[in-house]
Amino acid sequence: MHVPFCKSRCSYCDFVSYTDFSYLEAYFNSLYKEIEMWSETLGRQKVDSVYIGGGTPSDLPLEYIRGVMCALHRDFDLKDPEITVEINPNSSCAEDLKKLGVNRLSIGLQAADDVVLKAVRRRHTVADFERTYETVSAYFDNINVDFIVGLPQETDLTIERDLEIIEDYKPKHVSVYILETHSESMNRLHVDTDITAIHHEIFIKELERRGYDRYEISNFCVPGYRCRHNLKYWHNDNYIGVGVSAGGHIGSRRYVNVSDLHRYVEKIKNNHFPFEYSHENEPLDELRETLFMSLRLSEGVEIEKLKELAPTIDVQRLAGMFPAHLILDRGRLRMSKLGMDFSCAVLSEVIDINTLSRVTGGE
Ligand code: SF4
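Residues numbered from 1 in each chain as written. Predicted model: local features only at pLDDT ≥ 70, side-chain atom pairs only at ≥ 80, totals over all residues. Heavy atoms only, no water.

1. Observations regarding the site of the ligand
Part 1: Surveying the vicinity of the ligand reveals the residues Cys6, Ser8, Arg9, Cys10, Tyr12, Cys13, Phe15, Gly55, Thr56 and Arg122.
Part 2: Here the residues of the shell around the ligand sort into 5 nonpolar, 3 polar and 2 charged. (Near = heavy atom within 4 Å. Nonpolar A, V, L, I, M, F, W, Y, C, P; charged D, E, K, R; others polar.)

2. A few points about the domain arrangement of the protein
Part 1: Assigned domains of the protein: these are domain 1 (2-227), domain 2 (233-279) and domain 3 (283-359).
Part 2: Inter-centroid distance (C-alpha atoms) of domain 2 to domain 3 is 27 Å.
Part 3: Counting from both sides, the interface comprises 9 residues of domain 2 and, opposite them, 10 residues of domain 3.
Part 4: Surface buried jointly by domain 2 and domain 3 totals about 770 Å² across both partners, of which 43% is contributed by carbon and sulfur atoms.
Part 5: Considering only the side of domain 2, the residues that lose the most area to domain 3 are Trp234, His235 and Asn236, jointly responsible for 66% of the buried surface there.
Part 6: For the pair domain 2 and domain 3, the interface holds 1 salt bridge.
Part 7: With a shortest N-O distance of 2.8 Å, glutamate 289 and arginine 254 are connected by a salt bridge.
Part 8: Seen at the junction of domain 2 and domain 3, the total is 6 residue pairs in polar contact (both at pLDDT 80 or more).
Part 9: Among the residues forming the side of domain 2 that touches domain 3, the class breakdown is 2 nonpolar, 6 polar and 1 charged. (Domains from an automatic or database assignment. Contact = heavy atoms within 4.5 Å. Buried area = accessible area lost by both parts, 1.4 Å probe. Salt bridge = Lys/Arg side-chain N within 4 Å of Asp/Glu carboxyl O. Polar contact = N/O pair within 3.5 Å; in protein donor to acceptor, adjacent residues only side chain to side chain.)

3. Here we look at the sheet that holds strand S11 (residues 275-280)
Part 1: Pairing is antiparallel in the open sheet, where 3 strands are placed in the order S9-S10-S11. With partners counted over all chains shown, the strands left at the sheet margins are strand S9 (247-250) and S11, one partner each. Strand after strand, the sheet turns through a mean of 10 degrees between neighbouring axes, direction not considered.
Part 2: Relative to S11, strand S10 (residues 253-257) is paired through 5 bridges, and the arrangement is antiparallel. Bridge pairing links asparagine 257 to phenylalanine 275 in S11. (Pairing = 2+ DSSP bridges. Helix = DSSP H or I, 4+ residues; strand = E, 2+ residues; numbered from the N terminus. Axes fitted to C-alpha atoms, helices over the stretch in contact; angles between N-to-C directions.)

4. Focus: the pattern of salt bridges
Part 1: In the structure shown here, the tally under the stated rule is 22 salt bridges.
Part 2: A salt bridge links glutamate 201 to lysine 337; the shortest N-O distance between them is 3.5 Å. With glutamate 201 in helix H8 (residues 193-209) and lysine 337 in helix H14 (residues 337-341), this residue pair connects regions lying 136 residues apart in the sequence.
Part 3: Judged by its relative accessible area of 28%, glutamate 201 is partly exposed.
Part 4: For lysine 337, a relative accessible area of 43% corresponds to the partly exposed category.
Part 5: Members of the salt-bridge network, linked through shared partners, are Glu167, Glu206, Arg209 and Arg210. (Buried < 20%, exposed > 50% of the residue type's maximum accessible area, 1.4 Å probe, protein only.)

5. With respect to the nonpolar core
Part 1: Core analysis: the largest hydrophobic core is formed by 75 residues, its most contacted members being Phe28 and Leu97.
Part 2: At 8 residues, helix H1 (residues 24-42) tops the list of elements feeding residues into this core.
Part 3: Lining this core are residues from two domains, each supplying at least three of them: domain 1 (2-227) and domain 2 (233-279).
Part 4: Other than its neighbours up to four places away in sequence, phenylalanine 28 contacts Val3, Phe5, Leu60, Tyr64 and Val68.
Part 5: Counting residues in each nonpolar core, the second largest holds 23 residues, with Ile217, Leu306, Phe322 and Ile351 among its members. (Core = buried A, V, L, I, M, F, W, Y, C linked by side-chain atoms within 4.5 Å.)

Put into structure tokens, the structure is as follows:
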């Protein structure tokens, strides 16, 4: 569920997000209707994970999150769901969110240093995070904290502070993203990619030393706290994305919604799904997507699953083409540590059409 509103814009932001809150009413009415349209199309499906992200959902009046939860209960069968809401480190809505059935929070700290936070125009301070964490942890046990490595003003010392705050608060789940190489934000912010790579390496090592399992390239948790929502992406399972620029995967259909709020509202008003793109995947597309997503997980993907998608696939040959980066192990294909470190390059080569054509007998 995409909530594309924030009170202000961070300097590294490449997401679809609006600061004009006068659109809220129209947007959420469309969102409730889109939820209903999906239910009319697919029936009252069982849902075991809900993720309300953004944007900054906690910047909005709570009535909108309540509205979303009501629409979901009205149209879908929520079965013991994991319900996550993204919040800012200066929000104060924990008790109310808990009452709405939310059971997991994701806090966008990004860096535990005020100079770094200020440099990227985050609206909170480290003290705000500490105060908020202490409040929310009275209501929530399952908390994720987001960090970004590669921000301006980052130093060895600020990375140490990030790790100290993890040590102090011990969140069950930690996400560590690198400000994307070649992204607009990285060019804009003049990031030194070599230093970022060193900082990222230190971050990962230290998290693992503190007992966090790197179960996905950017995600770490203590036992029992993997994020159910994200696992759906990485297993290439079915999910519905609603809201501007949200994407979904239903059966073999892959879609992405329009990213302009006005076009989104207009399309829903005319009873059309607000697709920018909607495509029925061929089996080879499903194979590529499954490899691309599942190899991000440390456990990789079952060979059986790949064979279901492409009966002629020679997984041994595929692994042999990337001996340093792919490992075949007890019926699964996964990336080595080196593969995970260079995942962007490795994954794009693995799913390259020439590679797949060779290993599925097309060549
Ligand atoms: S909080 Fe997130 S979505 Fe909002 S401006 Fe900052 S980076 Fe963008």
